[in-house]
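Next come the chains, spelled out residue by residue.
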Amino acid sequence: MSRLRGFLAWVYRWITTTDHKDIGLLYLVTSIAFLLIAGSLALLFRVQLAIPKSNFLTGDAYYEAVTVHGLIMLLWFASPFAFGLANYIVPLQIGARDLAFPRLNALSYWLYLLSGLVLLASFFTESGAPNVGWTLYAPLTARIYTPGIGLDLAALAIFLFSLSVTLGTINFLVTIAAMRAPGIGWFKMPMFTWSILFTVILMLWAFPPLMVGGALLLLDRNLGTEFFLNPAGGALLWDHLFWFFGHPEVYILLFPALGAMADVISTFSGKPIYAKRYILTAFLIATIISFVVWMHHMFITGTNIYTRLFYSITTILISIPFEMAVMSFIFTLYKGRLVYTVPMLFAVGALLNFIIGGSTGVYLGSIAIDRGFRGTYWVVAHFHYILVGTVTLGLIAGLYYWWPKITGRTYSERLGKIHFALAMLGVALTFLPQFALMDMPRRYFTYDIPEWVPLNQLSTLGAFIFGGSMAIGLVNFLYSLVKGGSAAPNPWNSWTLEWFTNSPPPKHNFDGVPVVRKDNTVVFVSEEALSKYGKDAIVEGRVDVSNVPLSGGQSHSSHGLTHHGTTDPLVLAAGLTLALFGLFVSKPLSYLGAIVFLLSLARWLWKDVKNVFAEELPGYVEHWPFPKDKIRSAMWVFIASEVATFGSIFSAYFFIRFNPVGKFLTEAWPPGYLVHDVNVGLINTIILFTGTMLFTLAYLGVKRDNYLITLSGLLGTLFMAIYFLTVKYFEWKELLIAGLGLDAGMYMQAYYVTTGAHALHVILGVLATTYLLVKLFNGNLRGRQALSEVLAVGIYWGIVEIVWTLVFPLYYLV
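Residues numbered from 1 in each chain as written. Predicted model: local features only at pLDDT ≥ 70, side-chain atom pairs only at ≥ 80, totals over all residues. Heavy atoms only, no water.

Asker: Looking at this model, I keep getting lost on the overall build of the protein. Mind explaining?
Answerer: Of regular secondary structure, the protein possesses 25 helices and two strands. Over its C-alpha atoms the protein spans a radius of gyration of 27 Å, differing by no more than 12% from the 28 Å that the globule rule assigns to 814 residues. For the protein, the C-alpha atoms occupy an extent of roughly 80 × 75 × 60 Å along the three principal directions. Within the protein, buried positions represent 59% of all 814 residues. Within the protein, contacts between residues at least 6 apart in sequence are counted, and of these 81% link residues at least 24 apart. Approximately 32,100 Å² of the protein is accessible, and the part contributed by carbon and sulfur atoms is 70%. (Helix = DSSP H or I, 4+ residues; strand = E, 2+ residues; numbered from the N terminus. Rg over C-alpha atoms; globule rule 2.2 N^0.38 Å. Buried < 20%, exposed > 50% of the residue type's maximum accessible area, 1.4 Å probe, protein only. Contact = heavy atoms within 4.5 Å. Areas by Shrake-Rupley, 256 points an atom, 1.4 Å probe, with all protein chains shown as cover.)

Quick look at the structure:
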């Protein structure tokens, strides 16, 4: 019985944890599980291709394996694996106690896990898993061509995963920007933390188009819209939305691996990374350019030759920053005091693979060469040399490097080196032959050309060798947990901050506040000492703190330290997933999920009303250029994400409306004033703007601690928002009565999607304003924390208002 109680306590600890280290471990274990699933699928279709005219895995089964393998490797393995390392390591590297929003971090993980389970559930539906390829190209995804709910579940899984990513980006950006320990300026951050910063910036704008595309796909398949069937939108609209996500996704996967490799190479070369500031500048340039290269995936879609030329040039240009990174790594290795540990071997091996994968990808930037190679195994080989040979091996280098810190255990160097040797051999045998298969079309499950047989057999052999190497690595890690020796706090003699605490780190990460002084030495002081002497004096070395006691310091502080165990993130994620999953499986299940979601959301917000989880940032952290409170910082990051979300919706509007092919083949886009009552739109504009002005009154009331002014402003805002939604409801009702529903053409479909998305944001504003009202009634809407919350909600109402200023003229006036 005691064992059962112990087991249940262990399970309860993991489902309620909000500690960044625990969440990091959950991400790592879950992503490895998804890797095993995706890898097994890859071995199945490699067996099929090893023998001509094989019947081992054919037809839909083959395409299901290929599709789900690609989706899992790109979305549910590589990025979450990197996020697992980032969750554990980044707060340690910047001297933080946790991520800025621990509960949000847990919610992000549970949404990730449940979204992956939704994808896997598609295998058990009558129609099977999606079989249209991981790019989900239209019009194959239309219900007429792909019936059943398998593809619906995949689209839902992508939507939930994108939501998880959005929460994660907010958390990491605020943490890195606003929670760095004293003395850790921007350029003192380690390369891995920098790489995660660039990654989440990319995620912030790359995933909203995918989320919008997934939502439109679900509408097409279930409500009769035709965004990806009508020639006005069609396949090209999906291509634009998908690849605006898809190409930055390559760098979303690549940056964390390069960051881990940089830290490993620097440590085991005994040198700082060569030309660090130039490499960071190069990464910034690559981040920007990554959003203007997506159409090189569309060279054969018939786009204008000058457009293709522009994207060909940007494709070549974006290779330059990564060539600079390669040269930086090589010069760091040059004349370094090299120590060939397992992480160093993996990092150098990943660097070699990156050179092969990157150089072969440059060819595809040529329009002429791309036309010949597109859809062949040359693309498969190039792509996998980056994703498997570089990203996977680079992240494994990071896992070996930080394994002693995470577990407090050492691993077997011998098994690790066998793992490395077999992994490198497996990558080479799997993908080098595929470059020679440049005339073999990809996604074919059978062939009868003799010249292709030995190359495919070599590739299949390599796949099994690589899979075996991963099994050896897994055995090494598991054996380490059971039999590994104790690891020292800093077994690698590294100089980044995560190595200045025990292995594994305590709950509070550090005993005392870590301060990085100008001479790059690290001291630990109490918060009292920081308050007494000032941050700058300690950072500049003007105060001797060597004998200052740590009592009363961070080990007893509330700043980012209080790890509240709560089931709220899990229950909230489960309720939302169940509510959406039930729409395709069972309506009663959907109702149950909605009830669970709403009740858990109310519980979450009620705890916030009571300030159960409220933790202000300490005044000593480095925070430029963000404000000193994390709530406003998070709202600004969320607004940046919203810009990408509504930017995708409005981009679809302009693409459909001004697509000459679509206008020629379908109905003309009618002027808005002939369809809608302009007066109604103008009235709603006045209502919404008035509500925003009244919220300004509420803000002034909180600032002056005037209860009546605050109450009047919040009630007025709430009334105007509900009034706006009421007018919108009756406007929609009149349109539907007049026969202008979703079946009335692309114009009305775009109108309902855009105004519906905006109305959903108004509803969220109503919820946020109601939350502030409840907090006011409880007497907790006072002080700096409350002022930050009110200002954050005001910023949110501002973006809702700005979006409407675009909706009104586009749909009512022109």
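Next, the rest of the story.
Asker: Just checking my understanding: could you explain the nonpolar core for this structure?
Answerer: Across soluble globular proteins, nonpolar side chains have a tendency to be buried as a group. In this structure, W76 and Y811 are the most contacted members of the largest nonpolar core, which totals 257 residues. Leaving out residues up to four positions away in the same chain, W76 has contacts with S31, F34, L71, Y112, S115, G116, L119, A157, I158 and F161. Of all hydrophobic cores here, the second largest spans 13 residues; its members include V523, A529, V543 and Y620. (Core = buried A, V, L, I, M, F, W, Y, C linked by side-chain atoms within 4.5 Å.)

Asker: What exactly am I supposed to notice about the pairing of strand β1 (residues 513-516) here?
Answerer: The side chains of a regular strand alternate between both faces of the sheet. Residues V513 and V515 line one face of β1 and the alternating positions P514 and V516 line the opposite face, and both faces are buried. Counted along the chain from β1 to the antiparallel partner strand β2 (residues 522-525), the turn is five residues long, and its residue N520 has a positive phi close to 70°. (Pairing = 2+ DSSP bridges.)

Asker: Even after reading the chapter, I still don't get the pattern of salt bridges, so can you show me in this structure?
Answerer: Oppositely charged side chains may form a pair once their charged atoms are brought near each other. On inspection of all chains with the given rule, the structure shows 14 salt bridges. As a salt-bridge pair, D152 and R143 come within 2.7 Å of each other at their nearest N and O atoms. The exposure class of R143 is partly exposed, given its relative accessible area of 30%. When the shortest N-O distance is used, the salt bridge between D568 and K607 registers 3.0 Å. Of the two residues, D568 is situated in helix α17 (residues 568-585) and K607 in helix α18 (residues 587-609); the sequence distance between them amounts to 39 residues. Residues D568 and K607 agree in their burial class; the two are buried. In the salt-bridge network here, residues are joined through shared partners; they are D19, K21 and K507. (Salt bridge = Lys/Arg side-chain N within 4 Å of Asp/Glu carboxyl O.)

Asker: Honestly, the packing of helix α3 (residues 59-93) against helix α6 (residues 191-223) in this entry has me stumped. Any pointers?
Answerer: The description of two packed helices rests on the angle between their axes and on the distance between the axes. Packing of α3 against α6 brings their axes to within 10 Å, and their N-to-C directions diverge by 135°. If you check the angle between α3 and α6, you find them oblique. Here α3 runs over α6; the crossing is left-handed. Each of L75, S79, A82, F83, L85, A86, I89, V90 and Q93 in α3 lies in contact with α6, whose residues at this interface are F192, T193, I196, V200, M203 and F207. (Axes fitted to C-alpha atoms, helices over the stretch in contact; angles between N-to-C directions. Parallel < 35°, antiparallel > 145°, perpendicular 65-115°, else oblique. Left-handed = near helix turned anticlockwise from the far one by under 90°.)

Asker: Is there a simple way to explain the side chain of T390 in this structure?
Answerer: Within the secondary structure, T390 sits in helix α12 (residues 377-407). Of the polar contacts made by the side chain of T390, one reaches the backbone nitrogen of F354; its length is 3.2 Å. In this view, T390 contacts L254, A257, A350, N353, F354 and Y385; residues no more than four positions away in its chain are not counted. (Polar contact = N/O pair within 3.5 Å; in protein donor to acceptor, adjacent residues only side chain to side chain.)

Asker: How should helix α4 (residues 102-121) be read in this particular structure?
Answerer: Each full turn of the α-helix corresponds to 3.6 residues, which orients residues three or four apart in the same direction. A rise of 1.5 Å per residue sets the reference length of α4, with its 20 residues, at 28 Å; its end C-alpha atoms lie 29 Å apart and thus fit the reference within 8%. With 17 of 20 residues buried, α4 is to be regarded as a mostly interior element. (Expected span 1.5 Å × (residues − 1).)

Asker: What am I meant to see in unusual backbone geometry here?
Answerer: Most peptide bonds take the trans configuration, and most residues that are not glycine carry a negative phi. Of the consecutive residues A138 and P139, the connecting peptide bond is found in the cis state with omega at 5°. Residue placement: P139 occurs in the loop between α4 and α5 (150-178). In this chain, S503 is followed by P504 through a cis amide linkage whose omega measures -10°. Checked against the element boundaries, P504 lands in the loop between α14 (453-483) and β1. Positive phi is not limited to glycine here, since K335 has a value of about 60°.

Asker: When you look at a nonpolar patch on the surface in this model, what are you seeing that I'm missing?
Answerer: On the surface, Y278, I305, Y306, L309, I313, L317, I320 and M324 cluster together to form a nonpolar patch covering roughly 830 Å² of accessible area. Judged by relative accessible area, which is 44%, I305 ranks as partly exposed. (Patch = residues over 30% accessible without salt bridge, like charges linked within 9 Å, V, L, I, M, F, W, Y side chains within 5 Å.)

Asker: Just checking my understanding: could you explain the packing of aromatic side chains for this structure?
Answerer: In total, this model carries 74 aromatic pairs according to the counting rule given. Here Y27 and Y112 contribute two aromatic rings whose centre-to-centre distance is 5.3 Å and whose plane-to-plane angle is 20°, an arrangement assigned as stacked. One end of the pair, Y27, is in helix α2 (residues 20-50); the other, Y112, is in helix α4, with 85 residues separating them in the sequence. Across the pair, exposure class does not vary: Y27 and Y112 are buried alike. Note on F310 and Y311: the rings are 5.0 Å apart at their centroids and 85° apart in plane angle, and the pair reads as edge-to-face. Its end group placed over the ring of F101, K630 keeps NZ or CZ at 5.5 Å from the ring centre. (Phe/Tyr/Trp six-rings, centres within 6.5 Å; stacked < 30°, edge-to-face > 60°. Lys NZ or Arg CZ within 6 Å of the ring centre and 35° of its normal.)

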